[in-house]
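This is what each chain is made of:
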Amino acid sequence: MDSTQPHGRLSPLDDVHRAGGASFTDFAGWQMPVRYSSELEEHHAVRTAAGLFDLSHMAEILVKGPGAGAALDYALCGVFSTLAVGQARYSLLLTTDGGIIDDVIVYRTHEHRFGVVANAGNRAQAAGALSVRTAGFDATVVDESDALALIAVQGPMSQAIMAKLPDLHLPTPVADLRYYWSTTGAWRGEEIMVARTGYTGEDGFELYILAEHGASLWSALLAAGEEFGLVPAGLACRDTLRLEAGMPLYGHELSLDTLPQQVGLGRIVKLAQKGEFVGRGAVAHGPSSDAPVLVGLTSDGRRAGRAGYPVLAAEGGEPVGVVTSGALSPTLGFPIALALVSPSCAEPGTELVIDVRGKPMPAVVTSLPFYKRPTTD
């Protein structure tokens, strides 16, 4: 949906996006840039150079206090009390039945201070669940989402761009920042957190700063990245990038009806390394033997399976699952999809059929991810 008149919540960078000619879409009640030029151009820029994303719609929830680490150990399915300051970890917020409320990234920014980044559409659910679950611990939960801007630089040139950003002073230089680590310093005298994380399958950084400085930071990054081919990018290419990288999206691959084991995230749940946490019993029991599991599908041609399309057995044509995400891969040049299918059809090499609006499209189960960035070794 294109919009010239804003409807819904606006990013603190909204004026910059409109001045730059972005097209907008409604996303989780926010008006966010869906593309600047074309999603294909933006996608290829991220794979070959770098793209700049506004992610200020994401939820940032602070958990602080002497008991914050133990509180998060109970509230989520991972272990956070043993994280080093600066370290980050991907995790899941589960129901007591083991269903997924949201997937999150947790940053330990100080000894007694953690930042939890949740999806925009699950902000209230995540903040509410964390508040309830930490009530018995010496910890406080504060929703800081409205106070912060979040900008991501993603792509093989992202480190060079970050190193060129003027007025950035970090205790750990970006070249020394490891994957899933963060460092807190200053930009133009204002506090900034820089994390080496992302959602595109490429190297990249995510920058957290007070909302009132977000537009200035965006402009400074574009200027620093011009010589490296940095382009502003929207949510449309972010979706095809994460799909190629086999990264799940809440509301598509992840939901209240799926357990972590069904979507390849059983390793995220630390049953042996920790005590009680919300959802432990259900996840320890696991899904039923016939519960659908997440697979990758590839096809020939130019048609792509889309979310909601039925997946059928190649022989007999009986329904065996449903596509959760799909697109014609800009990088690979052929259709790819994620699908929840019967475990009996989940072995790589299994031939299936996607029902594309009444027309059968052959597909083959393939190992994930579809795309891995080239190694620099």
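Residues numbered from 1 in each chain as written. Predicted model: local features only at pLDDT ≥ 70, side-chain atom pairs only at ≥ 80, totals over all residues. Heavy atoms only, no water.

Focus: the packing of aromatic side chains
Link 1 in the chain: For the structure shown, the criterion picks out 4 aromatic pairs.
Link 2 in the chain: When the centroid spacing of 5.9 Å and the interplanar angle of 35 degrees are considered together, the rings of Tyr74 and Phe137 count as tilted. Separated by 63 residues along the polypeptide, Tyr74 in helix α3 (residues 68-75) and Phe137 in the loop between α4 (123-133) and β9 (140-143) bring together distant segments of the chain.
Link 3 in the chain: By relative accessible area, which is 30% here, Tyr74 ends up partly exposed.
Link 4 in the chain: When the ring of Tyr179 is compared with that of Tyr180, the centres are 5.0 Å apart and the planes differ by 75 degrees; the resulting orientation is edge-to-face.
Link 5 in the chain: Over the ring of Phe24 we find Arg18, and its NZ or CZ is 3.9 Å from the ring centre. (Phe/Tyr/Trp six-rings, centres within 6.5 Å; stacked < 30°, edge-to-face > 60°. Helix = DSSP H or I, 4+ residues; strand = E, 2+ residues; numbered from the N terminus. Buried < 20%, exposed > 50% of the residue type's maximum accessible area, 1.4 Å probe, protein only. Lys NZ or Arg CZ within 6 Å of the ring centre and 35° of its normal.)

Quick look at the sheet that holds strand β4 (residues 50-54)
Link 1 in the chain: Read across the sheet, 7 strands follow the order β11-β12-β13-β14-β10-β4-β15 without closing on themselves; strand pairing throughout is mixed. One side of each edge strand has no neighbouring strand; the edge strands of this open sheet are β11 (168-169) and β15 (230-232). (Pairing = 2+ DSSP bridges.)

As for the side chain of Arg242
Link 1 in the chain: Structurally, Arg242 can be placed in helix α7 (residues 235-244).
Link 2 in the chain: At 3.0 Å, the side chain of Arg242 forms a polar contact with the side chain of Glu253.
Link 3 in the chain: Excluding residues within four positions of it along the chain, Arg242 makes contact with Tyr199, Met247, Pro248, Leu249, Glu253, Ser325 and Leu338. (Polar contact = N/O pair within 3.5 Å; in protein donor to acceptor, adjacent residues only side chain to side chain. Contact = heavy atoms within 4.5 Å.)

Brief notes about the sheet that holds strand β3 (residues 30-35)
Link 1 in the chain: If you walk across this open sheet you meet the 3 strands as β1-β3-β2, and the pairing is mixed. The open sheet terminates on both sides in strands that have one partner only, identified here as β1 (9-10) and β2 (23-27).
Link 2 in the chain: Where β1 and β3 come together, 2 bridges link them in parallel fashion. Among the inter-strand pairings, Leu10 is bridged to a residue of β3, identified as Gln31.
Link 3 in the chain: Set on the sheet, α7 makes contact with β2 and β3; between it and β3 the angle comes to about 70 degrees. (Axes fitted to C-alpha atoms, helices over the stretch in contact; angles between N-to-C directions.)

Observations regarding the environment of Lys164
Link 1 in the chain: Within the secondary structure, Lys164 sits in helix α5 (residues 158-164).
Link 2 in the chain: Separated by 141 residues in the primary sequence, Lys164 and Gly305 have C-alpha atoms spaced 41 Å apart.
Link 3 in the chain: Those residues in contact with Lys164, other than ones at most four positions away along the chain, are Ala224, Glu227 and Phe228.
Link 4 in the chain: There is a polar contact of 2.2 Å between the side chain of Lys164 and the side chain of Glu227.

Brief notes about helix α6 (residues 214-225)
Link 1 in the chain: With 12 residues, α6 should cover 16 Å at 1.5 Å per step; its first-to-last C-alpha distance of 16 Å lies within 8% of that length.
Link 2 in the chain: Among all positions of α6, only Gly214, Leu217, Trp218, Ala220, Leu221, Ala224 and Gly225 are buried. All buried residues of α6 fall inside an arc of 170 degrees around its axis, so they share one side. (Expected span 1.5 Å × (residues − 1). Arc of directions from axis to C-beta.)

Some remarks on the packing of helix α2 (residues 39-48) against α7
Link 1 in the chain: As a packed pair, α2 and α7 sit with axes 8 Å apart at the nearest point and diverge in direction by 50 degrees. One way to sum up the angle between α2 and α7 is to call them oblique. The handedness of the crossing between α2 and α7 is right-handed. Contacts from Glu39, Glu42, His43, Val46 and Arg47 of α2 reach α7 at Ala236, Cys237, Thr240, Leu241 and Glu244.
Link 2 in the chain: Its residues assigned to classes, the contact of α2 with α7 comprises 4 nonpolar, 2 polar and 4 charged. (Parallel < 35°, antiparallel > 145°, perpendicular 65-115°, else oblique. Left-handed = near helix turned anticlockwise from the far one by under 90°. Nonpolar A, V, L, I, M, F, W, Y, C, P; charged D, E, K, R; others polar.)

Some points on the pattern of salt bridges
Link 1 in the chain: Under the definition given, this model contains 14 salt bridges.
Link 2 in the chain: Among the salt bridges present, the one from Glu144 reaches Arg113, with a minimum N-O distance of 3.9 Å. Residue Glu144 is located in the loop between β9 and β10 (148-154), and its partner Arg113 is located in strand β8 (residues 113-118); the two are separated by 31 residues in the primary sequence.
Link 3 in the chain: Judged by its relative accessible area of 26%, Glu144 is partly exposed. (Salt bridge = Lys/Arg side-chain N within 4 Å of Asp/Glu carboxyl O.)

Side note on the environment of Pro66
Link 1 in the chain: Structurally, Pro66 is set in the loop between β5 (59-64) and α3.
Link 2 in the chain: Under the relative-accessibility criterion, Pro66 is labelled exposed at 59%.
Link 3 in the chain: If near-sequence neighbours (up to four positions away) are discounted, Pro66 is found in contact with His112 and Asp138.

Side note on the confidence of the model for the protein chain
Parts of the prediction with low pLDDT should not have their coordinates interpreted in detail.
Link 1 in the chain: With 98% of its residues at a pLDDT of 70 or more, the protein chain shows a mean pLDDT of 96.
Link 2 in the chain: Scored below 50 in pLDDT, residues 1-5 makes 10 contacts in the model with residues more than four places away or belonging to other chains. (pLDDT = per-residue confidence, 0-100.)

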